Amino acid sequence: MSKLSYKTVSANKNTVTKEWVLVDADGQTLGRIASRIAMLIRGKYKTNYTPHVDCGDNVVVINAEKINLTGKKWGDKTYIRHTGYPGGQRSLTAIEVFEKDPTRLIEKAVKGMLPKNKLGSALFRNLYVYAGTEHQQTAQTPRTINLNDLK
C-alpha cells in the first residue's frame, strides 16, 4: 500500500497575507453584517485558516449610522455593564447606545462574535468602524466587497 505524503499546512504570522476590505453597512441588519465581518476578521473564508493565528483581513466599515435592527430591538435590546461597585449594574437600550455613538452597535456585535482571549483582542484591533462615508484608511486602498455575496 502506497503512503500519501500530504502535509497539513499551518499558517503563522510570517506566512499570512492580510488585505484591507471596505464594507458598506447601509441598510444592513446588525446581526447578519456582524457575523460576516467577524468571519472576515477571523479569516475563516481563507484556505489557509489556522485557529490560533491572526490570518484574517483588516475590515473598514462605513455608514454605521444607517444600520437596521429588526422587530422591536431598538427599544428591547439592552447592553449591560457593571461599574465594579455594589449595585453598580447599568444598562442602555440599543437606541440610547446608537444616539451616543452609532459605531458602538457594530463594534459590540462583532466583539461578541470573536474569541474571548488574547487572540480575540488582537483580532478586534483589525476592525475600523465609521459613522459616515469618510474613513481614514484611504492610503491602504481597501477593496470594496458586498457581504451578501459571502456565504
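Every value quoted in this text rests on a predicted model; they were computed, and no experiment measured them.

Draft legend 1. Representation of the packing of aromatic side chains in the model. Evaluation of the coordinates by the stated rule reveals two aromatic pairs. Arranged with centres 5.2 Å apart and planes meeting at 70°, the rings of W74 and F98 form a pair that is edge-to-face. Note that W74 is positioned in helix α2 (residues 73–76) and F98 in helix α3 (residues 94–100), a separation of 24 residues in sequence. W74 gets classed as partly exposed once you look at its relative accessible area, which sits at 25%. Relative accessible area serves as the criterion here: at 18%, F98 is assigned to the buried category. Above the ring of F124, the side-chain terminus of K111 is found at 4.6 Å from the ring centroid.

Draft legend 2. Region of the structure containing helix α4 (residues 103–112). Residues of α4 that are buried include every one of T103, L105, I106, A109 and V110, and no others. Projection of α4 onto a plane perpendicular to its axis shows the buried side chains occupying an angular sector of 165°, all on one side. Buried residues along α4 sit against α1 (30–42), β2 (58–62), α2, β3 (78–82), α3 and β5 (127–129).

Draft legend 3. Region of interest: the sheet that holds β2. Spatially, four strands are ordered β5-β2-β1-β6 in an open sheet, and the strand pairing comes out parallel. Each of the sheet's edge strands pairs with one partner strand only, and the pair in question is β5 and β6 (143–144). Across five bridges, strand β1 (residues 20–24) lies against β2 in parallel orientation. Bridge assignment links D24 to a residue of β2, and that residue is I62. In this fold α4 packs onto β2 and β5, with an angle of close to 155° to the strand it touches most, β5.

Draft legend 4. A look at the environment of G43. Position of G43 relative to the elements: it lies in the loop between α1 and β2. Overall, G43 belongs to the buried group, its relative accessible area being 0%. Expressed as a C-alpha distance, the spacing of G43 and E19, which sit 24 residues apart in the sequence, is 10 Å. Apart from the residues within four sequence positions on either side, G43 is in contact with Y49, C55 and G56.

Draft legend 5. Structural context of the side chain of T93. In this fold, T93 is placed in strand β4 (residues 89–93). Using a relative accessible area of 18% as the deciding quantity, one classes T93 as buried. Setting aside anything within four residues of it in sequence, one finds T93 in contact with W74, G75, K77, T78 and Y79.

Thresholds, definitions, all that
- Residues numbered from 1 in each chain as written.
- Predicted model: local features only at pLDDT ≥ 70, side-chain atom pairs only at ≥ 80, totals over all residues.
- Heavy atoms only, no water.
- Phe/Tyr/Trp six-rings, centres within 6.5 Å; stacked < 30°, edge-to-face > 60°.
- Helix = DSSP H or I, 4+ residues; strand = E, 2+ residues; numbered from the N terminus.
- Buried < 20%, exposed > 50% of the residue type's maximum accessible area, 1.4 Å probe, protein only.
- Lys NZ or Arg CZ within 6 Å of the ring centre and 35° of its normal.
- Arc of directions from axis to C-beta.
- Contact = heavy atoms within 4.5 Å.
- Pairing = 2+ DSSP bridges.
- Axes fitted to C-alpha atoms, helices over the stretch in contact; angles between N-to-C directions.

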